[in-house]
Structure formats: structure tokens, C-alpha cells
Amino acid sequence: MDYQNILRYCEWKKNKIAFVQDKEFLGPVDVWGDSFYTSNYKCPECGRFMLKSNAGKRVGILTPDGTHLLLSVFCCRNCKKIYSSIPGKNLSNGECYVMDEKKYFDHTLSIIDYLAYSFAELGSTGLF
């Protein structure tokens, strides 16, 4: 499977969304895969805590602004949406990239998890 190309098939849109961050969040911590864990950001649709992966600029996506290397990835497994902050900003700034194609959610999440963990372990500099 070509991991570089699958992320190109998912449409990432730029959006303004009001994210709620619970700075006093203490758990419980949910873990998914090898690189996702519970974040202190809540899903803007359902209000559940989202999962986060520190992709470390190792996973590339195509956005309306061109190629973007993901630094932090947030997802809501309930709503099946994946969010990424815009370079130089965090989610609380209200602007982000979002992938909301539900049919690609599980597959894309698995690929991001695999690449984020594998490249972190191997020390690679990225895909692009």
C-alpha cells in the first residue's frame, strides 16, 4: 500500500471552528493505536474529548494552502472527523484543517498512527 498517496485522496478543508480546551483535564486517558492519546480539546460537534497524535511533521496532507506537514492531529472517533492545526497556530485559535470524509476516517487514522509512530521510531525526516 502506498502510504504517501492515501493521504492525498482525502479532502482536507480549511475551516473556522470554536474549539473548547479543558486546561484542567486530568483523565481518564484513552489510547488508540501507538500514537493517539486523549487530549484536553473537546470535539466541537459532540463535546467529547478528542484523541491527539504528535505526528512531528512526518505525515503530509494536501490542503487548500498546499502541502502541509502535520504536527499535531486531533480526531473525534464519535463524529469521525480529523483536525489539524494550521502552521504557527493551535486549535484554540479557531482555524484548522479538517478531514470529514467518514468513509476514509478509520483508514486515514490508521495510516497517520502508523506513520507517526514508525517515523518517530526510525528517526525519519518525513514524506515530502
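Since the model is a prediction, treat every value here as computed from it, not as a measurement.

1. Quick notes on the pattern of salt bridges
- Within this structure, the stated rule accounts for five salt bridges.
- For the salt bridge of lysine 13 with aspartate 100, the shortest nitrogen-to-oxygen distance reads 3.9 Å. Of this pair, lysine 13 sits in strand S1 (residues 13-16) while aspartate 100 sits in the loop between strand S8 (95-99) and helix H2 (102-122), and the two are 87 residues apart along the sequence.
- You can call lysine 13 partly exposed: its relative accessible area is 35%.
- A salt bridge links lysine 89 to glutamate 95; the nearest nitrogen and oxygen atoms lie 2.8 Å apart.
- Of the residues examined, glutamate 95 reaches a relative accessible area of 17% and is grouped as buried.

2. A closer look at the nonpolar core
- The biggest cluster of nonpolar side chains holds 21 residues, and the ones touching the most others in it are Ile82 and Ile112.
- Among the elements of the structure, strand S5 (49-63), strand S6 (66-76), S8 and H2 are those that each provide at least two residues to this core.
- Ranked by residue count, the leading element in this core is H2, at six residues.
- When sequence neighbours within four positions are dropped, the list of residues in contact with isoleucine 112 reads Leu7, Phe36, Val59, Leu70, Val73 and Ile82.
- In this structure, Ile17, Phe19, Tyr83 and Cys96 belong to the second largest nonpolar core, which totals 12 residues.

3. Side note on the packing of aromatic side chains
- Following the criterion strictly, the structure yields four aromatic pairs and no others.
- A centroid spacing of 6.5 Å and a plane angle of 85° characterise the contact between phenylalanine 19 and tyrosine 41, whose relative ring orientation is edge-to-face. In this pair, phenylalanine 19 is assigned in the loop between S1 and strand S2 (20-21) and tyrosine 41 in strand S4 (residues 36-42), connecting sequence segments 22 residues apart.
- Residue phenylalanine 19 is classed as buried on the basis of its relative accessible area of 9%.
- Classification of tyrosine 41 as buried rests on a relative accessible area of 6%.
- Between tryptophan 32 and phenylalanine 36, the aromatic rings sit 5.8 Å apart at their centres with planes inclined by 70°, giving edge-to-face as the arrangement.
- By relative accessible area, which is 23% here, tryptophan 32 ends up partly exposed.

4. Some words on unusual backbone geometry
- Backbone geometry at lysine 80 places phi at a positive 60°, although glycine is not the residue there.
- Along the chain, the position of lysine 80 falls in the loop between S6 and strand S7 (81-85).
- Residue lysine 80 is classed as partly exposed on the basis of its relative accessible area of 28%.

5. With respect to the confidence of the model for the chain
- Taken over all residues, the pLDDT of the chain has a mean of 81, while the share at 70 or more is 84%.
- Here residues 1-5 is a poorly scored stretch, pLDDT under 50, and it has five contacts once near neighbours within four places are set aside; other chains count.
- Long-range and interchain partners of residues 124-128, a stretch whose pLDDT sits below 50, account for 16 contacts in this model, where long-range means more than four residues apart.

6. Remarks on the pairing of S4
- Where S2 and S4 come together, two bridges link them in antiparallel fashion. Within S4, the position partnered with glutamine 21 by the bridge is tyrosine 41.
- Direction of pairing for strand S3 (residues 31-32) relative to S4: antiparallel, over a ladder of two bridges. Residue pairing for S4: valine 31 is matched across the bridge by tyrosine 37.
- Counting the residues in the hairpin turn of S3 and S4 gives three residues, including glycine 33, whose phi is positive at 65°.

What counts, and at which threshold
Residues numbered from 1 in each chain as written. Predicted model: local features only at pLDDT ≥ 70, side-chain atom pairs only at ≥ 80, totals over all residues. Heavy atoms only, no water. Salt bridge = Lys/Arg side-chain N within 4 Å of Asp/Glu carboxyl O. Helix = DSSP H or I, 4+ residues; strand = E, 2+ residues; numbered from the N terminus. Buried < 20%, exposed > 50% of the residue type's maximum accessible area, 1.4 Å probe, protein only. Core = buried A, V, L, I, M, F, W, Y, C linked by side-chain atoms within 4.5 Å. Contact = heavy atoms within 4.5 Å. Phe/Tyr/Trp six-rings, centres within 6.5 Å; stacked < 30°, edge-to-face > 60°. pLDDT = per-residue confidence, 0-100. Pairing = 2+ DSSP bridges.

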